[in-house]
Amino acid sequence: YDVRTMEDRIAGSFAQTRGTMLLLLVTALLAAALSGVAIYGSIWYSVSQRLPEIGIRLALGASRGSVFVDVLRRAVVLTGAGSAIGLAAALAAGRLLASLLFETTATDPVTYALVIAGTMTLALVAGLAPARRATRVDPMTALRNE
């Protein structure tokens, strides 16, 4: 006899779904980590290319806070542009994906808003280290290297 509690039977019926959702969660976390590394790398490269400019700005009296904010602003602007392009592509591909979605529409505004907010937060966090690096630029060293 297959005697089990009702809780065990219900848990068994959801085991495959729970495994699939766990796999999707791990994949989403991996994608977020990879995008964070990509954003971090592109901002870091941008800051390293702009070191002479940052040095000149600091030598001319710009505050380190304004340099910090400028680096983060550029990161957010680039991420916003990428989000706009991604949103347009997602809306265009929505009809193709509609059959794969369960209990949601392909144009769910809450989902899009949460994804864009998460991406913007990720861009801000990834931009903190390069922005701190930009504020530590010695104007004389940056000008000598130019």
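So, here's what we can say about the structure. (Residues numbered from 1 in each chain as written. Predicted model: local features only at pLDDT ≥ 70, side-chain atom pairs only at ≥ 80, totals over all residues. Heavy atoms only, no water.)

Brief notes about the overall build of the protein chain
Along the backbone of the protein chain there are seven helices and zero strands. Beginning at the N terminus, the succession of helices and strands in the protein chain can be written as α-α-α-α-α-α-α. For the protein chain, the C-alpha radius of gyration of 23 Å lies well beyond 15 Å, the compact-globule estimate for 146 residues. Its C-alpha atoms give the protein chain principal-axis dimensions of roughly 85 × 35 × 20 Å. Across the 146 residues of the protein chain, 18% fall into the buried class. Within the protein chain, contacts between residues separated by at least 24 positions form 78% of all contacts whose residues are at least 6 apart in sequence. Roughly 10400 Å² of accessible area belongs to the protein chain as shown, and the carbon and sulfur atoms make up 69% of that amount. (Helix = DSSP H or I, 4+ residues; strand = E, 2+ residues; numbered from the N terminus. Rg over C-alpha atoms; globule rule 2.2 N^0.38 Å. Buried < 20%, exposed > 50% of the residue type's maximum accessible area, 1.4 Å probe, protein only. Contact = heavy atoms within 4.5 Å. Areas by Shrake-Rupley, 256 points an atom, 1.4 Å probe, with all protein chains shown as cover.)

Some details on the layout of surface pockets
Within this model, the largest pocket holds a volume of roughly 270 Å³. Along its surface, the largest pocket is lined by Thr79, Gly82, Ser83, Gly86, Leu87, Thr111, Tyr112, Val115, Ile116 and Thr119. Of all elements in the fold, only helix 4 (64-92) and helix 6 (109-135) reach the threshold of two or more residues within the lining of the largest pocket. When grouped by side-chain class, the residues that make up the lining of the largest pocket number four nonpolar, six polar and no charged. The calculated volume of the second largest pocket comes to roughly 190 Å³. (1 Å grid on protein atoms, 1.4 Å probe; cavity = no way out; pocket = protein on both sides within 12 Å on 5 of 7 lines; lining within 4 Å. Points joined across faces, edges and corners; volume = space filled by probe spheres on them. Nonpolar A, V, L, I, M, F, W, Y, C, P; charged D, E, K, R; others polar.)

Quick notes on the packing of aromatic side chains
Aromatic rings considered in pairs are described by the distance between their centres and by the relative angle of their planes. With the rule as written, the count across this model stands at one aromatic pair. When the ring of Tyr40 is compared with that of Trp44, the centres are 5.7 Å apart and the planes differ by 35°; the resulting orientation is tilted. Separated by four residues within a single helix, Tyr40 and Trp44 lie in helix 2 (residues 15-49), roughly one turn from each other. Among the residues examined, Trp44 registers a relative accessible area of 33% and is labelled partly exposed. (Phe/Tyr/Trp six-rings, centres within 6.5 Å; stacked < 30°, edge-to-face > 60°.)

Here we look at the pattern of salt bridges
Across all of its chains, the model carries five salt bridges by this definition. Between Asp70 and Arg73 there is a salt bridge, with its nearest N and O atoms 3.5 Å apart. Of this pair, Asp70 and Arg73 both sit in helix 4, three residues apart, roughly one helical turn. When salt bridges with common partners are traced through the structure, they connect Arg50, Glu53, Arg57, Asp70, Arg73 and Arg74 into a single cluster. (Salt bridge = Lys/Arg side-chain N within 4 Å of Asp/Glu carboxyl O.)

Focus on the nonpolar core
Counting residues in each nonpolar core, the largest one holds 15 residues, and the members touching the most others are Ile43, Val47, Ile54, Val71 and Ala134. Mapped onto this core, the elements with two or more residues apiece are helix 2, helix 3 (51-59), helix 4 and helix 6. (Core = buried A, V, L, I, M, F, W, Y, C linked by side-chain atoms within 4.5 Å.)

Examining helix 6
Compared with an ideal rise of 1.5 Å per residue, which puts 27 residues at 39 Å, helix 6 spans 38 Å between its outermost C-alpha atoms and is within 8% of the ideal. In helix 6, a bend of some 35° at Leu128 exceeds every other bend along the element, and Pro130, a proline, comes one to four places later. Turning to helix 6, its buried residues number three or more, namely Ala123, Ala126, Gly127, Pro130, Ala131, Ala134 and Thr135. Each element contacted by the buried residues of helix 6 is listed here: helix 2, helix 3 and helix 4. (Expected span 1.5 Å × (residues − 1). Bend = angle between axes of the 7 residues up to and from the residue.)

Observations regarding the side chain of Asp70
Residue classification places Asp70 among the buried residues on the basis of a relative accessible area of 8%. In contact with Asp70, other than residues within four places in its own chain, are Arg50 and Arg57.

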